[in-house]
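In case you want the letters, here they are:
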Amino acid sequence: MKRKIAIIGGGIAGLTFARCISDDYETHIFEKKQEFGEVGAAISVFPNALCVMDEIGLLDNILNTSGKFENVYLKTDKGNILSKSAPKSDYPVICIHRADLHKILLTDINAHLHIDSAVKQLTNLNNGQVEIIFENGKSSVFDAVIGADGIHSVVRKHIINDGDPIFRGYNIWRGVVKTNFDIGYASETYGKGKRVGIVPIKDGVYGWWATYNEGFLKDDEPEGTKQKLKRLFGNWHYPIPELIENTENILKNSLSDRIPHKGWTKGNITLIGDAAHPTTPNLGQGGCMSIEGAYLLAKCINKYGLSSKAYENYEKYQFPRSKKIISESLKLGKMGQITNPILITLRNFFFKIIPSRVAMKMIDKYFSYRVTELKI
């Protein structure tokens, strides 16, 4: 009989793991919502994650459904260009709708899918197996459990129990909108304690995000979300006001992460994705790390089985990289959210004088990483 693996969470990390694990295992994916799916926002999938999609045969589907950008601009709120860079790699730099990426990963997946299956309790049994009790009253025993249940992970609480995520002082609004223009590049715009990012998805569809220093998930009422964003960003450069005005569904989240913590595994229960290493999105590497880590864990299990050696090798390679990305993303976010006029002037001056080749070298240390080439 095949050994059974439960994947808790039907997001990008969980689905990627299920596609990478050997058919020698029987996989079950448990989603707490009433259906499998993703929210209406954009996600960057950089070369360091696209190499995984290439390895598992999904690269063409992703490229056909996404938009690539060859130039990235940093700007002031008035539209003055601070810098321009052109990322170069053996894979393109792309952005895709999260729902489209999720659909591609889910299509024809070799796994049993379960909805309405929020985890209530996990128990490590003496024989190495794991018992799961779900909120819906059901229970099952598995040979291993993979916690891919995000930043508020129930599985992480069972293993690490390090409390709530850490709010970093600002919130983010995100949207996807169809436009009648195609500017053909990505950009990030800096103001006073607020920023806006724009990324092309495909055929005039753009993803955007906006950040602002305020309390944890502060209510946008009574003025309403769109009116609030128009007040905050209505006088910013083209096409920011138009993107906000024409977006039907705007999502809001807090900017939170966790302090990196070793010890992702307890018996045959381990963590991947945001359950293991949640990060602020300032480097665009959160989803990419989820894809990398899911691939790496599956590769370790495929080679060493459900063993301590597999889990140790996985964490050995994934923890240092994720720790560095979390730290650098946090620093970049603080720089982007500053409100002191003198520091804003210094920041903008720094962006202006840094040579493009230096900026590209900083980015390349993330883009050039190839988890598929690791010798485990």
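This text goes with the structure placed above it.
The following refers to the structure shown. Just so it is clear, the structure is predicted and the values come from calculations on it, not from any experiment. (Residues numbered from 1 in each chain as written. Predicted model: local features only at pLDDT ≥ 70, side-chain atom pairs only at ≥ 80, totals over all residues. Heavy atoms only, no water.)

Overview of the packing of aromatic side chains
Move 1: Summed over the entire model, instances satisfying the criterion amount to 10 aromatic pairs.
Move 2: Taking 5.3 Å as the distance between ring centres and 80° as the angle between the ring planes, the aromatic pair formed by Phe-167 and Phe-216 counts as edge-to-face. Of the two residues, Phe-167 sits in strand β13 (residues 166–178) while Phe-216 sits in the loop between β16 (205–213) and α6 (225–233), which places them 49 residues apart along the sequence.
Move 3: Under the relative-accessibility criterion, Phe-167 is labelled partly exposed at 27%.
Move 4: Pairwise contacts between aromatic rings join Phe-30, Phe-134 and Phe-142 into one cluster.
Move 5: Sitting over the face of the ring of Phe-142, Lys-4 holds its NZ or CZ atom 5.1 Å from the ring centroid.
Move 6: It is Lys-75 that lies over the ring of Tyr-73; its NZ or CZ is 5.8 Å from the centre. (Phe/Tyr/Trp six-rings, centres within 6.5 Å; stacked < 30°, edge-to-face > 60°. Helix = DSSP H or I, 4+ residues; strand = E, 2+ residues; numbered from the N terminus. Buried < 20%, exposed > 50% of the residue type's maximum accessible area, 1.4 Å probe, protein only. Lys NZ or Arg CZ within 6 Å of the ring centre and 35° of its normal.)

So, the sheet that holds strand β3 (residues 42–45)
Move 1: Read across the sheet, 3 strands follow the order β3-β7-β4 without closing on themselves; strand pairing throughout is antiparallel. The sheet is open, and its two borders are formed by β3 and β4 (67–68), each paired with just one other strand.
Move 2: Here β4 pairs with strand β7 (residues 94–97) via 2 bridges, running antiparallel. Across the sheet, residue Gly-67 finds its bridge partner in β7, namely Cys-95.
Move 3: On the sheet, helix α4 (residues 98–106) packs against β3 and β7 and is oriented at approximately 85° with respect to β7. (Pairing = 2+ DSSP bridges. Contact = heavy atoms within 4.5 Å. Axes fitted to C-alpha atoms, helices over the stretch in contact; angles between N-to-C directions.)

A look at the pattern of salt bridges
Move 1: For the structure shown, the criterion picks out 15 salt bridges.
Move 2: For the salt bridge of Glu-188 with Arg-195, the shortest nitrogen-to-oxygen distance reads 3.0 Å. The exposure classification of Glu-188 matches that of Arg-195, with both residues buried.
Move 3: Overlapping salt bridges, with partners in common, bring together Glu-214, Asp-220, Lys-228 and Lys-252 in one network. (Salt bridge = Lys/Arg side-chain N within 4 Å of Asp/Glu carboxyl O.)

Topic: the pairing of strand β14 (residues 186–190)
Move 1: Most of β14 is tucked away: 5 of the 5 residues are buried.
Move 2: Of the two faces of β14, the one holding Ala-186, Glu-188 and Tyr-190 and the one holding Ser-187 and Thr-189 are both buried throughout.
Move 3: Two strands pair when backbone bridges link them, and strand β5 (residues 72–76) and β14 are joined in this way by 5 bridges, in the parallel orientation. For Lys-75, the partnering residue across the bridge sits in β14 and is Thr-189.
Move 4: Where β14 lies against strand β15 (residues 194–202), 4 bridges are found, and the strand directions are antiparallel. Each bridged residue has a counterpart across the sheet, and for Glu-188 the counterpart in β15 is Gly-197.
Move 5: Between β14 and β15, which follow one another and run antiparallel, lie 3 residues, and Gly-193 among them has a positive phi close to 70°.

Structural notes on helix α11 (residues 356–367)
Move 1: Here α11 contains 12 residues, and its C-alpha end-to-end distance of 16 Å stays within 8% of the 16 Å for a straight helix at 1.5 Å per residue.
Move 2: For α11, the set of buried residues is Met-360, Tyr-366 and Phe-367. Buried residues of α11, viewed axially, fall in a sector of 100°; they line one side.
Move 3: Elements in contact with the buried residues of α11: α2 (47–55), β6 (81–85) and α9 (308–336). (Expected span 1.5 Å × (residues − 1). Arc of directions from axis to C-beta.)

Overview of empty space enclosed by the protein
Move 1: Scanning the model with the defined rule gives 1 cavity of 30 Å³ or more in all.
Move 2: A volume near 30 Å³ is recorded for the largest cavity.
Move 3: What lines the largest cavity is simply Ala-18, Ile-21, Ser-22, Asp-23, Tyr-25, Thr-27 and Asn-110.
Move 4: Looking at the lining of the largest cavity, its residues break down into 3 nonpolar, 3 polar and 1 charged. (1 Å grid on protein atoms, 1.4 Å probe; cavity = no way out; pocket = protein on both sides within 12 Å on 5 of 7 lines; lining within 4 Å. Points joined across faces, edges and corners; volume = space filled by probe spheres on them. Nonpolar A, V, L, I, M, F, W, Y, C, P; charged D, E, K, R; others polar.)

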